[in-house]
Amino acid sequence: MTTDFTVRPARPADAGRLAELRWTFKQEDHEGRPPTPARPLEEAEHWIHDRLRDGYWLAWVAETEGEICGHVFLCLVERMPEPYEDNNPVGYVTNYFVLPSQRNKGAGSALLEALKQHSRSAGLEGLIVWPSERSTPLYRRLGFQPPDELLELPLDT
């Protein structure tokens, strides 16, 4: 395992590169030739910039040779106050991606470890993720487990 990378919190100034990697990440979902994007890359760049700037989302990046090669995002989900238990937020983990050339070198594990350390120190109740079929084994290796109680209602759009 190589460790020639660093992990740090993402900054709004990283939004352009993070948007590019988001598009690369989603293209992997389409084997062969991906379809033409339905929205411009700049839309994602502005969205990411605004969320990181305002603190609505947190993210960590892995860098090698000064270039971002991976990322993971965290959205805090607030919980209603109640009189008998804490109402610490839950963290929604998403957009976890490492460039293929940097996989299996420890960057992905380091990204998630940074996110987990932050989540513990911030007092989050837990972390949730909706993994793809391909990413489920990775999340399980990193300690994620199926929930005892979770229901989902897909809404037709």
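No experiment lies behind these values; they were computed from the predicted model shown.

Chemist: Hey, could you go over the packing of aromatic side chains for me, with residue numbers and the actual values?
Modeler: Here the structure, examined in full by the defined rule, presents six aromatic pairs. Where Tyr92 meets Trp130, the ring centres are 5.4 Å apart and the plane angle is 70 degrees; that geometry is what we call edge-to-face. Linking Tyr92 in strand E4 (residues 90-98) with Trp130 in the loop between strand E5 (127-128) and helix H4 (136-141), this pair joins segments that are 38 residues apart in sequence. Trp130 gets classed as exposed once you look at its relative accessible area, which sits at 51%. Judged by centre distance (5.6 Å) and plane angle (50 degrees), the ring pair of Tyr96 and Tyr139 falls under tilted. In this pair, Tyr96 sits in strand E4 while Tyr139 sits in helix H4, placing the two residues 43 residues apart along the sequence. With respect to class, Tyr96 is no different from Tyr139; both count as buried. By way of ring pairs, the aromatic residues Trp47, Trp57, Tyr92 and Trp130 are connected into one cluster. Directly above the ring of Phe25 sits Lys26, whose terminal nitrogen or CZ lies 5.4 Å from the centroid.

Chemist: Outline the packing of helix H1 (residues 15-27) against helix H2 (residues 41-54), listing residues and values.
Modeler: Direction vectors running N to C along H1 and H2 enclose 125 degrees, while the axes themselves pass 8 Å from each other. Accordingly, the angle class assigned to the pair H1 and H2 is oblique. With respect to the hand of their crossing, H1 and H2 are arranged in right-handed fashion. Residues Ala15, Gly16, Leu18, Ala19, Glu20 and Trp23 of H1 form the contact with H2, whose own contacting residues are Leu41, Ala44, Glu45, Ile48, His49 and Leu52. Looking at the contact of H1 with H2 residue by residue, the class counts come to eight nonpolar, two polar and two charged.

Conventions we followed
All chains use their own residue numbering, which begins from 1 and follows the written sequence. Residues qualify for local features only when their pLDDT is at least 70, as the model is predicted, and side-chain atom pairs are given and counted only at 80 or more; totals for whole chains, interfaces and linings, by contrast, use all residues. Values reported for side chains reflect all heavy atoms of the structure, with hydrogen atoms and water molecules removed beforehand. Here a pair means two rings of Phe, Tyr or Trp (six-membered ring of Trp) with centres within 6.5 Å. Their orientation is stacked below 30 degrees between planes, edge-to-face above 60, and tilted elsewhere. Here a strand is any run of E in DSSP of at least two residues, a helix any run of H or I of at least four, and the numbering for each starts at the N terminus. In this scheme, a residue with accessible area under 20% of its type's maximum is buried, one over 50% is exposed, and one in between is partly exposed, where area comes from a 1.4 Å probe on protein chains only. Put simply, a charge is over a ring when the Lys NZ or the Arg CZ is close to the ring centre, within 6 Å, and near the line of the ring normal, within 35 degrees. Angles shown run from 0 to 180 degrees and are taken between the N-to-C directions of axes, each axis being a line fitted to C-alpha atoms and, for helices, limited to the stretch in contact. Roughly parallel refers to an angle under 35 degrees, roughly antiparallel to one over 145, roughly perpendicular to one between 65 and 115, and oblique to any angle outside these ranges. Left-handed describes a crossing whose near helix is turned anticlockwise from the far helix by less than a right angle; the clockwise case is right-handed. Contact between two residues is taken to exist if any of their heavy atoms lie within 4.5 Å; hydrogens are not considered. Amino acids outside the nonpolar list (Ala, Val, Leu, Ile, Met, Phe, Trp, Tyr, Cys, Pro) and the charged list (Asp, Glu, Lys, Arg) are all regarded as polar, and Gly is one of them.

Purely spatial values, then, with no claim about function.
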